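Single-letter residue listing:
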Amino acid sequence: MTEEPRRKDSENGHPNSSMGCGHKDDKASLALSQIASFSHQAPSTPASKEVWKKGGRMFSILLAVHLALLACTLVSSGAFEKIAVHDYDVFFLLTVMMLIVIIWIIFYLAGTSRCPGAILCKDSHAGPIWLRGGLILFAIFSLVMDVFKIGYYSSFYSCLSAIKIIYPIVQAIFVVVQTYFLWVSAKDCIHVHLNVTRCGLMLTLTTNLAVWMSAVTDESVHKAHSKLKKNMTEEIFRWLLKVGMRSSSVEECNCNSQICQIFKNGYFWLYPFNIEYSLFASAMVYVMWKNVGRFIDHHSHHIERLKFRLFRRTFFVGIMLGLVVLVSGLGVLILYEVQVNSNTESSKKSQALTMYYIFNIVCLSLMSLVCIGGSVIYRFDKRDMDRHKNPTRTLDVALLMGAALGQYAISYYSIVAIVASTPRDAISALNLTYALLMIAQHTFQNIFIIEGLHRQPPKEDYKHDSHQKDLYGLTFVNINAVSLRVPDTGSTLAAGAASGTETVCPSDLVRSLTAPKKMNWRRKFLREISMFLLLSNVILWIMPAFGARPQFDNDTELNFYGDSMWPAIVDICLPFGIFYRMHAVASLLEVYIMS
């Protein structure tokens, strides 16, 4: 943010602005009172901050915690006990929450557009273009899922509650409004209605998490129902009926028509995209919440303008190897699903599991070695560590570390079951190797990504550009003209050196202008590594998200922990493991661009 926009904001931020800009809470009034001097002093001075930021944050956090616990209670209350909580009770709560969020978003957009002093600065790290692009992609698939849901519930609307049809309609409107809101406002550092904005953002975050919990429960129940048909106990069957459709309406609301089956299978296949949409939106809303009332001093450090050039200055080794892994993984997934779901023979099932484990062992081994190589390259990297405050990076690191715990838990449970079980066969050995490599790969990849996110972007290009602009102010330089206008004695540059400007010899300047810019070999290898890991994480997200459940197809853990405990462990931990892969894709894309 330059000085000119700040000065403009300070001149327009009068107390009698529209949308009640002159009747803010104490924190907003204090912030607006400092705008007049904002362009003449560092924005990080204590006088320009609100009185008690932690108090407003604490109140909004308490609101979010209570709403999240209420939603979690309603979603999971019918899991293991006979409690009179219906699925349409959950839909009613989610519908009310989404309607309130829609109203608040409209209020936010209208208020900030009509109040000139509402947004003094923007966080350049928040809401990068590739993250917002991914959000739009998942939003499109979520809208298609809502269309399938409306068609499915409309097939037998006479025996269902009306809320089951209203819910997907409201959810579609919520997705559209929220996607637009995050696209235009993800970088905002708002300075009006601070407490109301914090509560509204926390309500939005909680609503997304509640929708995520409902979708994960519905999808997990559907997957468990299809995988455990033959080994299902009465308790699990009652749980499935309770969370999905009530037992009293099963016979009345059978989905017998072909179009009804298409709608039902369609929206279940699209659940992974809706789950990722809710988590992406939650992460972006959290960064907005952290930026409420925040002043950013753009003079304290240089903000790099990173440009997204996917295939520039690469050897294509990482891309080609990653595409091979991606295509091979898709083939393995198709064969696995066909053999496991269409064959009842144990030999076919063992072949499918063997193929699945071998592919994952090879893929995880390559990824682990590549991550170790990337960490070694960082030891020779001359770029400085970025120690500036960055809420987006802090959230990325926390999500990577937290989401990895889900896969860690599944792997350690599998290791204990395999080691303690007898007899041991080839499948068990492969499963044990797969679990150990999963732990190692998550650990090495987290180290590589976190260190890459904390590195500053390369400064070579910036130095050349700064010399050219500071000394000459030229965009297109004629080399001959420069060599004529700059004397060899260097007297022309003496004034610049005296005033504090870094002195550059004319011969060095001309050499920097004429010589092609070469990328350091370390940066090239880091880009290849990042692209290979990105594509590998994509296939490792696709396989469990779209049906590959070796945890249920392999009977070792199921027999060791039982039909009740093991499905609960997988259904709780696996969604975090799936989210880890997609979040790693976004983080690796950022590491790729920063390299």
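Our subject is the structure listed above.
The rules behind the values
- Residues numbered from 1 in each chain as written.
- Predicted model: local features only at pLDDT ≥ 70, side-chain atom pairs only at ≥ 80, totals over all residues.
- Heavy atoms only, no water.
- Helix = DSSP H or I, 4+ residues; strand = E, 2+ residues; numbered from the N terminus.
- Buried < 20%, exposed > 50% of the residue type's maximum accessible area, 1.4 Å probe, protein only.
- Contact = heavy atoms within 4.5 Å.
- Polar contact = N/O pair within 3.5 Å; in protein donor to acceptor, adjacent residues only side chain to side chain.
- Phe/Tyr/Trp six-rings, centres within 6.5 Å; stacked < 30°, edge-to-face > 60°.
- Lys NZ or Arg CZ within 6 Å of the ring centre and 35° of its normal.
- Axes fitted to C-alpha atoms, helices over the stretch in contact; angles between N-to-C directions.
- Parallel < 35°, antiparallel > 145°, perpendicular 65-115°, else oblique.
- Left-handed = near helix turned anticlockwise from the far one by under 90°.

Draft legend 1. Expanded view of the environment of W104. In this structure, W104 sits in helix 4 (residues 87-114). Classification of W104 as buried rests on a relative accessible area of 10%. In sequence terms W104 and L203 are 99 residues apart; their C-alpha atoms lie 9.4 Å from each other. The residues touching W104, leaving out its near neighbours within four places in the chain, are F181, V196, T197, G200, L201 and T204.

Draft legend 2. Representation of the side chain of E557 in the model. Position of E557 relative to the elements: it lies in helix 21 (residues 555-594). At 3.1 Å, the side chain of E557 forms a polar contact with the side chain of S414. The residues touching E557, leaving out its near neighbours within four places in the chain, are S414, A417, N431, Q551, G562 and W566.

Draft legend 3. Geometry of the packing of aromatic side chains. Taken as a whole and assessed by the stated rule, the structure comprises 28 aromatic pairs. Geometrically, the ring pair formed by Y108 and F181 is edge-to-face, given 5.3 Å between the ring centres and 90 degrees between the ring planes. Of this pair, Y108 sits in helix 4 while F181 sits in helix 6 (residues 163-185), and the two are 73 residues apart along the sequence. Comparing Y108 with F181, the two get one shared label, buried. Aromatic ring contacts, followed pair by pair, group F138, F141, W269, F273, F280, W541 and F546 into a single cluster. The positively charged end of R132 is found above the aromatic ring belonging to W183, 4.6 Å away from the centroid. For R527, the ring lying beneath its charged end belongs to Y592, and the centroid distance is 4.4 Å.

Draft legend 4. Structural view of the packing of helix 13 (residues 391-420) against helix 14 (residues 426-453). Running from N to C, helix 13 and helix 14 point in directions that differ by 165 degrees, and their axes come no closer than 9 Å. Relative to helix 14, helix 13 is oriented roughly antiparallel. For the element pair helix 13 and helix 14, the recorded crossing hand is left-handed.

Draft legend 5. Fine view of unusual backbone geometry. In the Ramachandran plot, H193 falls in the positive-phi region, its phi being about 50 degrees despite a non-glycine side chain. With respect to the helices and strands, H193 occurs in the loop between strand 2 (188-190) and helix 7 (194-227).

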